[in-house]
Each structure stands twice: as C-alpha cells, then as structure tokens.
Amino acid sequence: QVQLVEFGGGLVQAGGSLRLSCAASGRTFSIAMGWFRQAPGKEREFVAAVPVPWSGGRTAYADSVEGRFTISRDNAKSTVYLQMNALKPEDAAVYYCAGVMGSGTYALGSQYAYWGPGTQVTVSS
C-alpha cells in the first residue's frame, strides 16, 4: 500500500504563490500522481497530473490552472509538488494528492487508488 500526506497549504493574497508538496511512503514504484481540489459546496475537480518518469508521457493541467500551476516530482524523495503562482480567490480549496500504479496520466478521481488527507489553501482578495 501507499501512504500520502500533503504539506504547504496556508493563507496567501490574490496574486501570490504557494508550493504544495506530497510525501509518499510505502510501495511507490511506478506510481502516477495527481492533484485535485475541492471547495465548499463544489465537487472535487482535477488540477494537475504527472506520470511515472520513465513513461515518456506528459503532465496534464486543468484549463483553469494552465500556465499558472506546475506539477513536478522528485523520485529520490518520493515527493510530488504543485507550484501555484498568480493565485486567485477561486483557487481556494482543500487540495488533495492522489496516486495510482500505472503508466498513464490520469485526470479522473476515480482512477486513483491512494489519497492524502488534504491541505487547505486560502486565497484572500
């Protein structure tokens, strides 16, 4: 099994930046990773995803964050990151790290088998 935990959430003003990290433990070999978020009263939505590094695949982003957010991973540290720039009030949500054993890039929450507890991101206007 795989355990995930997110770090880096907090309060930031609109236009500011945050970097979230997700530390993975357990059997992390060949695990694709993703970030999702959920705001109060809204459904969980896809944010970004990254495949296993040897797959040759590309990262993927939701249209709402394209050009502002960057997903990356440090396999030596078993960590995935989400760099968030130019934050907007509508970015405020609980952000979740997710993982699944596979070689693709996955954008659907139901495709993921492992989830972290989430970290709160608040953006003030």
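Residues numbered from 1 in each chain as written. Predicted model: local features only at pLDDT ≥ 70, side-chain atom pairs only at ≥ 80, totals over all residues. Heavy atoms only, no water.

S.K.: An account of the sheet that holds strand β7 (residues 69–74) is needed here, citing residue identities and associated values.
M.R.: Taking strand neighbours across the sheet as the criterion, the four strands line up as β1-β3-β8-β7 in an open arrangement whose pairing is antiparallel. Since the sheet does not close on itself, it has two edges, and those belong to β1 (2–7) and β7, each with one partner. If you compare each strand with its neighbour and ignore which way they point, the axes differ by 15° on average. One ladder, built from six bridges, connects β7 with strand β8 (residues 79–84); its direction is antiparallel. When the sheet's bridge partners are listed, aspartate 74 is paired in β8 with threonine 79. (Pairing = 2+ DSSP bridges. Helix = DSSP H or I, 4+ residues; strand = E, 2+ residues; numbered from the N terminus. Axes fitted to C-alpha atoms, helices over the stretch in contact; angles between N-to-C directions.)

S.K.: Could you give me a rundown of the side chain of threonine 79, with the residues and numbers involved?
M.R.: On the secondary structure map, threonine 79 appears in strand β8. The class of threonine 79 is buried, set by a relative accessible area of 12%. A polar atom in the side chain of threonine 79 sits 2.9 Å from the backbone oxygen of lysine 77. Ignoring any residue separated from it by four or fewer positions in sequence, one finds threonine 79 in contact with Ser21, Cys22, Ala23, Ser72, Arg73 and Asp74. (Buried < 20%, exposed > 50% of the residue type's maximum accessible area, 1.4 Å probe, protein only. Polar contact = N/O pair within 3.5 Å; in protein donor to acceptor, adjacent residues only side chain to side chain. Contact = heavy atoms within 4.5 Å.)

S.K.: Which residues make up the state of the cysteines, and what values go with them?
M.R.: One covalent bond between the sulfur atoms of two cysteine residues makes up a disulfide. Summed over the entire model, instances satisfying the criterion amount to one disulfide. Bridging cysteine 22 to cysteine 97, the disulfide has an S-S length of 2.1 Å. Given an S-S torsion of about -80°, the disulfide between cysteine 22 and cysteine 97 has left-handed geometry. Taken as a pair, cysteine 22 in strand β3 (residues 18–26) and cysteine 97 in strand β9 (residues 93–101) lie far apart in primary sequence, 75 residues in all. (Disulfide = S-S within 2.5 Å.)

S.K.: How would you summarise the pattern of salt bridges if you had to cite specific residues and measurements?
M.R.: All told, the structure shown has three salt bridges when counted by the stated rule. Aspartate 91 is paired through a salt bridge with arginine 37; the nearest N and O atoms lie 2.9 Å apart. One end of the pair, aspartate 91, is in the loop between β8 and β9; the other, arginine 37, is in strand β4 (residues 31–38), and 54 residues separate them in sequence. Note on accessibility: aspartate 91 and arginine 37 belong to one class, buried. Across the pair arginine 68 and aspartate 91 runs a salt bridge, and its minimum N-O distance is 2.7 Å. (Salt bridge = Lys/Arg side-chain N within 4 Å of Asp/Glu carboxyl O.)

S.K.: Summarise the packing of aromatic side chains; cite the residues concerned and give the values.
M.R.: Under the counting rule described, the total for this entry stands at five aromatic pairs. Taken together, a centroid distance of 5.4 Å and an interplanar angle of 80° make the contact between phenylalanine 36 and tyrosine 112 edge-to-face. With a gap of 76 residues between them, phenylalanine 36 in strand β4 and tyrosine 112 in the loop between β9 and β10 (114–115) connect regions that are remote in the sequence. Tyrosine 112 matches phenylalanine 36 in its accessibility class, with the two residues each being buried. On the numbers, 6.1 Å between centres and 65° between planes, the contact of tyrosine 112 with tryptophan 115 is edge-to-face. Feature note: the residues Phe36, Phe46, Tyr106, Tyr112 and Trp115 constitute an aromatic cluster, connected by ring pairs. The ring of phenylalanine 36 has arginine 44 lying over it, and the distance from NZ or CZ to the ring centre is 5.8 Å. (Phe/Tyr/Trp six-rings, centres within 6.5 Å; stacked < 30°, edge-to-face > 60°. Lys NZ or Arg CZ within 6 Å of the ring centre and 35° of its normal.)

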